[in-house]
Amino acid sequence: MKKMSRNVLLQMEEEDDDDDGDIGDVPASRRPFLTPHAHLPSSLVLENLGQTIIPDLGSLESQHDFRTPEFEEFNGKSDSLFFNDGQRRIDFVLVYEDESRKETSKKGTNEKQRRKRQAYESNLICHGLQLEATRSVLDDKLVFVKVHAPWEVLCTYAEIMHIKLPLKPNDLKNRSSAFGTLNWFTKVLSVDESIIKPEQEFFTAPFEKNRMNDFYIVDRDAFFNPATRSRIVYFILSRVKYQLINNLSKFGINRLVNSGIYKAAFPLHDCKFRRQSEDPSCPNERYLLYREWAHPRSIYKKQPLDLIRKYYGEKIGIYFAWLGYYTQMLLLAAIVGVACFLYGYLNQDNCTWSKEVCHPDIGGKIIMCPQCDRLCPFWKLNITCESSKKLCIFDSFGTLVFAVFMGVWVTLFLEFWKRRQAELEYEWDTVELQQEEQARPEYEARCTHVVINEITQEEERIPFTAWGKCIRITLCASAVFFWILLIIASVIGIIVYRLSVFIVFSAKLPKNVNGTDPIQKYLTPQTATSITASIISFIIIMILNTIYEKVAIMITNFELPRTQTDYENSLTMKMFLFQFVNYYSSCFYIAFFKGKFVGYPGDPVYWLGKYRNEECDPGGCLLELTTQLTIIMGGKAIWNNIQEVLLPWIMNLIGRFHRVSGSEKITPRWEQDYHLQPMGKLGLFYEYLEMIIQFGFVTLFVASFPLAPLLALVNNILEIRVDAWKLTTQFRRLVPEKAQDIGAWQPIMQGIAILAVVTNAMIIAFTSDMIPRLVYYWSFSVPPYGDHTSYTMEGYINNTLSIFKVADFKNKSKGNPYSELGNHTTCRYRDFRYPPGHPQEYKHNIYYWHVIAAKLAFIIVMEHIIYSVKFFISYAIPDVSKRTKSKIQREKYLTQKLLHENHLKDMTKNMGVIAERMIEAVDNNLRPKLE
């Protein structure tokens, strides 16, 4: 290996050929970045972060200054996780294509890329990392650079990153089962402890090199586990510079991968997922995760969260912990939802108003007014017979009970999850994570403005002034607002489609019911319009979603958040705001706007002065809302599974097909992992987003679809195992990351929970026909308004359909060409208005005002009751259990005591040595005088 004692940067005056748009072009003199001090104390490393020695390398002939990795041949050990010497562990792998063997004419570009890579690798060696290069077994153009962090480097950067490490074994965490006598049952659902052994618990503290003796170091090789080693190496890789152009520095492995200088960068899986490693020292954690977590036969078992966290890091672990807890809570909601659905299904034969719609002497003789101008015919009410029967299942008293239950359920879920999250923070040592998190390298690169910290009164660097920050926020907010307006425009387009295509379906579909033709029974103009509009809406949603993902990332990069947590929270809020409007806008339109502002046949309301506003079925828009939810939820689940499972599997299958010629050769671990799919830095973000959108469907519109929790439960049970299968078999190992909680998704769920109470109350009040039916039953079926002697639902349909005189049609509707139903002087329409000839003809009648008052009263009462219960539950259930608080305080006390006692021992030992030396010195001075 060629020796060199200084950091190397390429100095080029020509235009840079990186076109990835990454952040990092900043004056080198202002860059607070890493310098090669891995063997110095951590305090000096931190003090010297801004110092960099940058020699001018000049021409290509000066390449002898580079420190290059050693090239070694593959030793034939396919399961090895070490360098060829068998001692140094591989912590990270970099992959590039050798420019000298590329079949391309771009020699100048290849030479630039080679020099950048050599400068980068040289600087990695200057920072204390050890590199070993090996050519690919299957493709000699590929070179794998294996990265190892020695003990001194790990200790230095563990202190810089404030990584918590073991002090002594912890005997406080005694996990007792909450089920007591049901231990035999939970044992069946749990992972066998003889297969996946429980992790030993420790008291931990942020690592300090000068107090290394205080830490529990039994074996140096095992003190930093593989996940921690990968985190430290990635921290260095993402901050090391490789080029200087016009006094602007280029840095970081992400930029090098994006610009094609490296093909990939990843930590290694520890073994194959189908079989254990031949190396006896390998823990085979990937194999255990596949067998006990990702395999279909483990679908009924609890997740091995501690092993997931150990192998993939806390960020992946907290996601699966949340998803598992959400799925468990859905079980209760699904049971109640199915019970309410069965209640409606079993009582649909007792649905009086549906019988009236289907009765040939009632619904068969009621002639309904045309629902559009000229082309739409008069139609008989009984053509909606089948939809009215289905509506009875969902629009029942059970729906009201379920809506109230879900308002309470969502509060219980959020409160109990907070407690579970606090337990995981304690068990996984992330209680004080916010104090440990480092700034993103992209943020550090832009820190060019010096300000005085109000607390420390010391100078610190920030990326932009307060005025610059305001400008960025304004531009970002404007961009997000523009895209939301774009979605609203697409929703308006769907509405116009509904209005225009309804005319076509009304003209083409049959006007009379033929009992022998199932299409005529089920495919009414309203149903056909609803289904096609829902499908088109779903397609537009997915297209806009794909485009906006890239736009949101660009906006967040421009905003420049400080830490990775801040970055993800900012991106989360933008993406969810967009997705909320994208996915839910059509549902909100159907639930709260469709059929609400239509006027009456003699004076209809027109959209854009041209399109007559569409109406609901005589039974309301609830069934159409159910159809919309089913199509979007089902279509989204199918689409996500295609994206998440099928595409990676096909890509890996194609890759294996291309490599079939070399399949007989033994390939090393790093080459096997290279041919897996990269997950992407925001892969977990999209998993959260998918589940939160589903959470919104389950809570916001559950009053229209009680089976939504059941569908979500089935989807999530499969989702957990599918995600586990993807991570363990189809994707490269992710860089482990720390996470304290689920981030911005928690307040988003709380906001959805609050909004869900309002939406469900309004769906029952304004979308369903429950309130008008109750008003008729208790007030208008008996005197003074009704003719029946007792409370009944008989006559409800006739009472709720107003009468219109055909002669009063305006010119647009008067020339209706359809006469199959005969010549009629009157027709009926869905509203509460006085009949023609009445002194207040076509004005709203007394029934209408009773219904409006009842609806408003219902919303107020339901909201206040549920909000009161939610507030009481939130107050009664603390976010952190008393037991967990005691454990945290106890561990903190014992940790401080341990560190203090060790410090006192060191002080006493040092004082004893000093005292002995002083006594010895005094003796040496007094002895000559006495003699």
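Residues numbered from 1 in each chain as written. Predicted model: local features only at pLDDT ≥ 70, side-chain atom pairs only at ≥ 80, totals over all residues. Heavy atoms only, no water.

**Q** Help me understand the overall build of the protein in this model?
**A** A count of helical and extended segments in the protein gives 29 helices and 21 strands. Expressed as a percentage of the 931 residues in the protein, the buried residues total 53%. The long-range share in the protein, meaning contacts at least 24 apart out of those at least 6 apart in sequence, stands at 79%. If you sum the accessible surface of the protein, you get close to 43,600 Å²; carbon and sulfur atoms cover 58% of it. (Helix = DSSP H or I, 4+ residues; strand = E, 2+ residues; numbered from the N terminus. Buried < 20%, exposed > 50% of the residue type's maximum accessible area, 1.4 Å probe, protein only. Contact = heavy atoms within 4.5 Å. Areas by Shrake-Rupley, 256 points an atom, 1.4 Å probe, with all protein chains shown as cover.)

**Q** I keep staring at the environment of Ile-125 and nothing clicks. Help me out?
**A** Mapped onto the fold, Ile-125 is located in helix H2 (residues 107–126). On the basis of relative accessible area, Ile-125 is assigned to the buried category, the value being 7%. Counting along the chain gives 56 residues from Ile-125 to Pro-69, while the straight-line C-alpha distance between them is 8.2 Å.

**Q** Looking at this model, I keep getting lost on the nonpolar core. Mind explaining?
**A** Grouped together as the largest cluster of nonpolar side chains are 149 residues, with contacts concentrated most on Trp-322, Phe-413 and Phe-697. Discounting chain neighbours no more than four positions away, the residues touching Phe-413 are Trp-322, Tyr-325, Tyr-326, Met-329, Phe-695 and Met-749. In this structure, Leu-131, Ala-149, Trp-151 and Tyr-157 belong to the second largest nonpolar core, which totals 45 residues. (Core = buried A, V, L, I, M, F, W, Y, C linked by side-chain atoms within 4.5 Å.)

**Q** Looking at this structure, how should I read the packing of helix H8 (residues 285–294) against helix H23 (residues 708–730)?
**A** For any two helices packed against each other, one specifies the inter-axial angle together with the distance between the axes. Interaxial distance between H8 and H23 falls to 10 Å at its minimum, and their mutual angle equals 160°. In this view, H8 runs roughly antiparallel relative to H23, as classed from their interaxial angle. The interaxial crossing formed by H8 with H23 has left-handed handedness. Contacts between H8 and H23 involve Arg-286, Leu-289, Tyr-290, Trp-293 and Ala-294 from the former and Ile-720, Arg-721, Ala-724, Trp-725, Leu-727, Thr-728 and Thr-729 from the latter. (Axes fitted to C-alpha atoms, helices over the stretch in contact; angles between N-to-C directions. Parallel < 35°, antiparallel > 145°, perpendicular 65-115°, else oblique. Left-handed = near helix turned anticlockwise from the far one by under 90°.)

**Q** How do you make sense of the state of the cysteines when you look at a structure like this?
**A** Where two cysteines share a covalent bond between their sulfur atoms, that bond is called a disulfide. On inspection of all chains with the given rule, the structure shows three disulfides. Shown here is the disulfide that connects Cys-358 with Cys-385, its sulfur atoms set 1.9 Å apart. The sign of the 100° torsion about the S-S bond sets the Cys-358-Cys-385 disulfide as right-handed. Of this pair, Cys-358 sits in helix H11 (residues 352–358) while Cys-385 sits in helix H12 (residues 385–394), and the two are 27 residues apart along the sequence. (Disulfide = S-S within 2.5 Å.)

**Q** Help me understand the packing of aromatic side chains in this model?
**A** Aromatic rings considered in pairs are described by the distance between their centres and by the relative angle of their planes. Counting across every chain of the model gives 60 aromatic pairs. Centre to centre, the rings of Phe-482 and Trp-483 are 6.2 Å apart; their planes meet at 85°, and the pair counts as edge-to-face. Judged by centre distance (4.9 Å) and plane angle (80°), the ring pair of Phe-580 and Tyr-584 falls under edge-to-face. Within this pair, Phe-580 and its partner Tyr-584 are both found in helix H19 (residues 564–592), separated by four residues, close to a single helical turn. Sitting over the face of the ring of Tyr-96, Arg-117 holds its NZ or CZ atom 3.7 Å from the ring centroid. Here the guanidinium or amino end of Lys-146 rests over the ring plane of Trp-670, the centre of that ring lying 4.3 Å away. (Phe/Tyr/Trp six-rings, centres within 6.5 Å; stacked < 30°, edge-to-face > 60°. Lys NZ or Arg CZ within 6 Å of the ring centre and 35° of its normal.)

**Q** In this structure, what is going on with the pattern of salt bridges? I would like to understand it.
**A** Where charged atoms from two side chains of opposite charge approach closely, those side chains can pair. According to the stated counting rule, one finds 31 salt bridges in the structure shown. Lys-389 is paired through a salt bridge with Glu-386; the nearest N and O atoms lie 3.9 Å apart. Taken together, the residues Lys-389 and Glu-386, both in helix H12 and three residues apart, mark about one turn of the helix. One network of salt bridges, with partners in common, ties together Glu-199, Glu-285 and Lys-310. (Salt bridge = Lys/Arg side-chain N within 4 Å of Asp/Glu carboxyl O.)

**Q** Would you explain the sheet that holds strand S4 (residues 92–97) in this entry?
**A** The strand order S3-S5-S6-S4-S11 describes an open sheet built from five strands, whose pairing is mixed. What marks the edges here is a single partner per strand, and that holds for strand S3 (70–71) and strand S11 (264–266). With six bridges joining them, strand S5 (residues 130–135) and strand S6 (residues 142–148) adopt antiparallel strand pairing. The residue of S6 that forms the bridge with Ala-133 is Val-145. (Pairing = 2+ DSSP bridges.)

**Q** Teacher, can you tell me more about the side chain of Ser-490 here?
**A** Tracing the backbone shows Ser-490 in helix H16 (residues 466–508). What makes Ser-490 buried here is its relative accessible area of 18%.

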